[in-house]
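Inside the fold
Each chain, letter by letter, is given below.
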Amino acid sequence: MKSLVIERTDLEKLFSTLVGRGYRLIGPTLREAAIVYGEIKTVNDLPIGWTDGQAAGQYRLQRRGDAALFGYNLGPHSWKKENLPPSLRLFSAERRDQSFVIIEEPADELPMAFIGARSCELHAISIQDRVLMQGPFVDPTYARRRNQTLVIAVNCGQAGGTCFCVSMKSGPQATQGFDIALTEVLDGHRHYFLTEVGTTRGAEILNDVPHRAARDVEKAAAQRIVDRTAATMGRKLYTGGLKEFLYSAYENPHWDDVAARCLSCANCTMVCPTCFCTTVEDVTDLSGAHAERWQKWDSCFTADFSYIHGGSVRSSTKSRYRQWLTHKLATWMDQFSTPGCVGCGRCITWCPTGIDITQEVVSLRERQPGRKEQSDGEP
Amino acid sequence: METIPEKPFGQEPMSTDPRHFRAYRMKRRWQETHDTFTIELAAMDGSEPVNFAPGQFNMLYVFGQGEVPISISGDPRQPSALTHTVRAVGSATKSLRRLKAGEGLGVRGPYGSPWPLEGARGNDVVVVAGGIGLAPLRPALYELLHRRADYGQIVLLYGTRSPTDILYRKELARWRARFDLETLITVDRATDGWHGHVGVVSTLISKASFTPANTTALICGPEIMIRFTALALEKRGVTPENIYVSLERNMKCAVGFCGHCQFGPLFVCRDGPVFSYPRVKGLLAVREV
Ligand SMILES: Cc1cc2nc3c(=O)[nH]c(=O)nc-3n(C[C@H](O)[C@H](O)[C@H](O)COP(=O)(O)OP(=O)(O)OC[C@H]3O[C@@H](n4cnc5c(N)ncnc54)[C@H](O)[C@@H]3O)c2cc1C
Ligand code: SF4
Ligand code: SF4
Ligand code: FES
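Parameters and conventions
- Residues numbered from 1 in each chain as written.
- Chains lettered and ligands numbered in written order.
- Predicted model: local features only at pLDDT ≥ 70, side-chain atom pairs only at ≥ 80, totals over all residues.
- Heavy atoms only, no water.
- Helix = DSSP H or I, 4+ residues; strand = E, 2+ residues; numbered from the N terminus.
- Rg over C-alpha atoms; globule rule 2.2 N^0.38 Å.
- Buried < 20%, exposed > 50% of the residue type's maximum accessible area, 1.4 Å probe, protein only.
- Contact = heavy atoms within 4.5 Å.
- Areas by Shrake-Rupley, 256 points an atom, 1.4 Å probe, with all protein chains shown as cover.
- Lys, Arg positive; Asp, Glu negative; His and termini not counted.
- Charge placed at Lys NZ, Arg CZ, Asp CG, Glu CD.
- Core = buried A, V, L, I, M, F, W, Y, C linked by side-chain atoms within 4.5 Å.
- Pairing = 2+ DSSP bridges.
- Axes fitted to C-alpha atoms, helices over the stretch in contact; angles between N-to-C directions.
- Buried area = accessible area lost by both parts, 1.4 Å probe.
- Salt bridge = Lys/Arg side-chain N within 4 Å of Asp/Glu carboxyl O.
- Polar contact = N/O pair within 3.5 Å; in protein donor to acceptor, adjacent residues only side chain to side chain.
- Nonpolar A, V, L, I, M, F, W, Y, C, P; charged D, E, K, R; others polar.
- Near = heavy atom within 4 Å.
- Domains from an automatic or database assignment.

Our next topic: the overall build of chain A. Across its full length, chain A carries 12 helices and 16 strands. A compact globule built from 379 residues should have a C-alpha radius of gyration of about 21 Å, and chain A, at 22 Å, falls within 12% of that. Overall, chain A is about 70 × 65 × 35 Å in size when its C-alpha atoms are taken along their principal axes. When the 379 residues of chain A are sorted by exposure, 55% land in the buried category. Counting contacts in chain A only where the partners sit at least 6 residues apart, residues at least 24 apart contribute 71% of the total. Carbon and sulfur atoms make up 51% of the accessible area of chain A, which totals about 15300 Å². Each charge class in chain A was averaged separately, 44 positive and 44 negative side chains, and the resulting centres sit 3 Å apart.

Grouped together as the largest cluster of nonpolar side chains are 106 residues, with contacts concentrated most on W324, L325 and L329 of chain A together with L157 of chain B. Discounting residues that sit within four places of it in the chain, L325 of chain A has contacts with L246, W255, A330, I357, E360, V361 and L364 of chain A. L134, A140, Y151 and L172 of chain B belong to the second largest nonpolar core, which has 31 residues in total.

What follows covers the sheet that holds strand β3 (residues 36-43) of chain B. Residue and element names in this part refer to chain B. Here 6 strands make up an open sheet; going across it, the order is β5-β4-β7-β2-β3-β6 and the pairing antiparallel. Two strands close off the open sheet at either side, each with one partner strand: β5 (66-71) and β6 (82-87). Going across the sheet, the axis of each strand differs from the next one's by a mean of 40 degrees, ignoring polarity. In the sheet, strand β2 (residues 22-31) pairs with strand β7 (residues 104-111) via 4 bridges, with the strands oriented antiparallel. Each residue of the ladder has a partner; that of A23, found in β7, is G106. Against the sheet, helix α1 (residues 91-98) makes contact with β2, β3, β4 (57-62), β5, β6 and β7, and its axis sits at roughly 80 degrees relative to β5, the strand it touches most.

Attention now goes to the interface of chain B and chain A. Much of the literature gives interface size as the accessible area that the parts lose upon coming together. Counting residues at the interface gives 51 residues for chain B and 58 residues for chain A. Each partner contributes to the roughly 4600 Å² buried at the junction of chain B and chain A, and carbon and sulfur atoms together form 57% of this total. Interface area lost by chain B to chain A is led by F63, F257 and E288 of chain B, which between them contribute 18%. In this structure, the connection of chain B to chain A is made through 1 salt bridge. One salt bridge in this structure joins E67 of chain B and R293 of chain A, with 2.8 Å as the shortest N-O distance. For the interface between chain B and chain A, the tally reads 15 residue pairs in polar contact (both at pLDDT 80 or more). Among the elements of the structure, β1 (6-7), β5, β7 and β15 (266-267) of chain B are those that each provide at least two residues to the side of chain B that touches chain A. Each residue belonging to the side of chain B that touches chain A can be placed in one class, and the counts come to 22 nonpolar, 15 polar and 14 charged.

Residue and element names in this part refer to chain A. Applying the stated criterion to the full structure yields 41 salt bridges over all chains. Residue E105 is joined to R89 by a salt bridge in which the shortest nitrogen-to-oxygen separation is 2.8 Å. You can see E105 sitting in the loop between β7 (99-104) and β8 (112-117) and its partner R89 sitting in strand β6 (residues 87-96), a full 16 residues away along the chain. Between R146 and D129 there is a salt bridge whose closest N-O contact spans 2.8 Å. Within this pair, whereas R146 is found in helix α4 (residues 140-148), its partner D129 is found in helix α3 (residues 119-132), the two being separated by 17 residues in sequence. Residue R146 is classed as buried on the basis of its relative accessible area of 17%. Linked through salt bridges whose partners overlap, the residues forming this network are E7, R190, R212, R215 and E218.

The subject of this paragraph is the site of ligand 2. Residue and element names in this part refer to chain A. Lining the immediate environment of ligand 2, one finds F164, C272, P273, W324, K328, C341, V342, G343, C344, G345, R346 and C347. Counting residues per element, the ones that place at least two in the shell around ligand 2 are α10 (317-336) and α11 (346-349). A per-class count over the shell around ligand 2 returns 8 nonpolar, 2 polar and 2 charged.

Another point: the site of ligand 3. Around ligand 3, a shell composed of C262, L263, S264, C265, A266, N267, C268, F301, Y321, C351, P352 and I355 of chain A is seen. Looking at the shell around ligand 3 residue by residue, the class counts come to 10 nonpolar, 2 polar and no charged.

Further remarks concern the sheet that holds strand β11 (residues 197-198) of chain B. Residues and elements named next belong to chain B. Pairing is mixed in the open sheet, where 7 strands are placed in the order β11-β10-β9-β8-β12-β13-β16. Edge positions in the sheet fall to β11 and β16 (274-276), since each has one partner strand and no second. As paired elements, strand β13 (residues 243-246) and β16 share 3 bridges and run antiparallel to each other. Paired with V245 across the bridge in β16 is F275. The strands touched by helix α6 (residues 277-284) are β13 and β16; relative to β16, the strand with the most contacts, the crossing angle is about 95 degrees.

Right, let's get into the domain arrangement of chain A. All names here are of chain A. Domain parsing of chain A yields domain 1 (3-88 + 109-231) and domain 2 (242-277 + 300-366). The distance between the C-alpha centroids of domain 1 and domain 2 comes to 28 Å. Taken together, the 28 residues of domain 1 in the interface contact 27 residues of domain 2. Here domain 1 packs against domain 2, burying approximately 2200 Å² in sum over the two surfaces, 66% of which is carbon and sulfur. Between the two partners, domain 1 and domain 2, sit 1 salt bridge. Taken together, the connections running from domain 1 to domain 2 amount to 19 residue pairs in polar contact (both at pLDDT 80 or more). Secondary-structure elements contributing two or more residues to the side of domain 1 that touches domain 2 are β4 (50-55), β5 (58-63) and α3. A total of 8 residues in the side of domain 1 that touches domain 2 trace back to one element, the largest contributor, which is α3.

Listed below in C-alpha cells is the structure:
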C-alpha cells in the first residue's frame, strides 16, 4: 500500500471535500462529558486536545498536553448506532376496508462518512455485516447504509485502559474495511497524518486534498506509534482453546459469582459494537386506523428477551451473563466463523459494577472443575 | 412534503425486505378446544399457493397487534388452504382469535427445517406429540399416510393435560379406526368419562409396537416432554441419530437477524425448529441455555 502524508493544516480540506460531495460527516465530538459519535462539520468539532481515561467501570475525560485531534480511544457510542439505529420504523400501515395497506419507509437521505473509526471498530462492522447482510437473508436498510458509507479510519496512537484488540487480532492497526486510514503523528513542531488508501473511492477523494508521498522517516514514525500502542494494551485475553473451554463450562461455579455482581442492566450489550439483537414493537394510534412497526435494540440481559409462554427461558442473571459471554467468545464462532468480540473494552468501561470479560474468563478457567493446577488461563 | 409510495397491500411486487409479508385474508376459523382454534387463510390476490414442507412455520402479523411464529398444520399437498392451529395464550394469539372471516393479515414464510420424512423411508415412524405440539406434526402425518407404503409401522403417541385439551378429535377418531396406524392417546389428568390412558406421553412408548432399531421418531411438545420422550426412546433402543425434535424459542424475525431464538450456537429459526436429537441433546440437559 502506498503511504501518503496529509499535513494537519490540510485536513480541513478532506472534511470540506467530503461535505462538498454530499456526505454527512459522523465523527467524534465532545458531548455530555464523553467523546461520542455525532454529526460534525469541521475539524474544530473534533475533541482537540482531549483524551479518555478508562478503567473497569470508569470513564473520565482528560486534557492532553498537545493538540491531537484523535488522541482518545473509544467512547460509549459505536458506529452500530448509524448502521443499525437503536430505533427504526420498519413500515407503517393504514386500515382499508377489512384489510390494510403497507406504507414503506423512504430511503435514507445523505450517505454518511465515518470519521475516525478504529481498527477494532472496523472489525466489529465486518462482524455485523456477516450477521445482517452475508447470510441467507439480507437486511436491506442495513445493507444500503453500509454500501454507501465512506469510512475514514484512524490508527490508535495509544491504548485505552480496557483495550485488548491485540488479543482479539483486531487492531490497533487498521488493515481492512476503510476507504482511507490515517495515523496521526505529533512530532515536536510537526503535526501530520500518515495516510493509506484502501479503495478507489478513497483515492478519488484524495485527489481534492493536498498530499504528497510519505518519506521513509515518516512511515517509520507512524509505525512506531502503532507498535507502541500494540505493546501497551490495557487488558489481554488468552484465547487458546477458549471456544472448546466455554462449551464445557456451562456448569462452572464461577457463573454464580459473576451473577452476584451483575445488575442485568444491559449496558454491556448496548455499548458493544458487535451485539446485534433487536426486537420489534407493533403499535397503533388511538383511532386504531394507523399502525407502525418499530425495530429497537434489544438485549439478552432482559427478561422479555427469552420469554415464551409460561416464563423466560433465561430467568436468572447467571444464565443471561453466561449466554452473553458464551455467545461472544464461543457460540459466535460456530454461527459466523469469527468471535463476537473485538476487544474494544467498552463493556468493561461502561459496566456499572466493573465486570471485566477478560478477568471473568481467567476466573472461569481457574475454577473449572477438573482443571490442571497452575494454569492461570495461559498455558 | 415528501411523497411516500403507498402500495396496495398484496399487490406490491415481493419486497426485498425479508421482514415484509404477503397479504392474506381469513377464510374460516373454527374452535378446536376451549383455548385453541384453527384458521384457514387465502392469499389476498389469489396468487399461487406457497408450498411448504411438514414442520415449517409462518410468521403471522395482525394489524398493529404483533407478529408470531405459528407452524403450518395443514396438508402439504393442499397448500392453497393455508392452515394454522393456534393456542390463544397472549396478546398476538388472542388478536388472531378475534379476526373475522374476510379480514386481512400478513403472512411471511415458510421458514425453518422440516421433518425428515424422506430419510425415514423404509423405517417405522413414531410420532410423539404433547399438547399443541400435534399441530406441526399433523402435516407430517398427512404425508406419511399419503405415502403409507413407503414406511413400516406408523405410531402416533399423543398426550394432553386433560381430555378437553385434545385437538383434532374427528381426525383422531378416523386415525384410530385405521389398521395401518397405531394411535395411542393419554392425558395427565383424567376427568369423568375418560377411559383411556392416564400419565405423561413418554409412558406410551413401551405400549406401542415398533422395531426400535429401524425407527425414526419425531417429537414436538413442551421442552420437558421432549427431553423425557427422547430419553425413553433411546432407552427402548431407537438410535439417537434417528430421533428428531422441534424446539420453541422466542422469535422476532425468523431470518437470523434478531438473536432472540438462540439456543447455544443454534438459531432455532434458521437452523431449526426441527433438529436431530444428537445436535441438541447436550444443550437440552443444561438449564436456562
Ligand atoms: C417455530 C414455532 C412454531 C410455533 N407453532 C405454534 C403453533 O403451531 N401453534 C401455537 O399456538 N403456537 C405456536 N408457537 C408458539 C407461539 O408462537 C406463541 O404462543 C406466541 O408467540 C405467543 O404470542 P402472544 O403474543 O400471543 O403471547 P404473549 O405472551 O403476549 O407474548 C409475549 C411475547 O413472547 C413471545 N412468546 C410468547 N410465547 C411464546 C412461545 N411459546 N414461543 C415463541 N415466542 C413466544 C411472543 O412472540 C411475544 O414476543 C410456535 C412457536 C415457535 C417458535
Ligand atoms: S464484548 Fe466487550 S470488549 Fe468485546 S467487542 Fe463487545 S464491548 Fe468490546
Ligand atoms: S455485565 Fe455489567 S453492564 Fe453487563 S448487564 Fe451485567 S452489570 Fe450491566
Ligand atoms: S427469530 Fe430472529 S434470529 Fe431467530
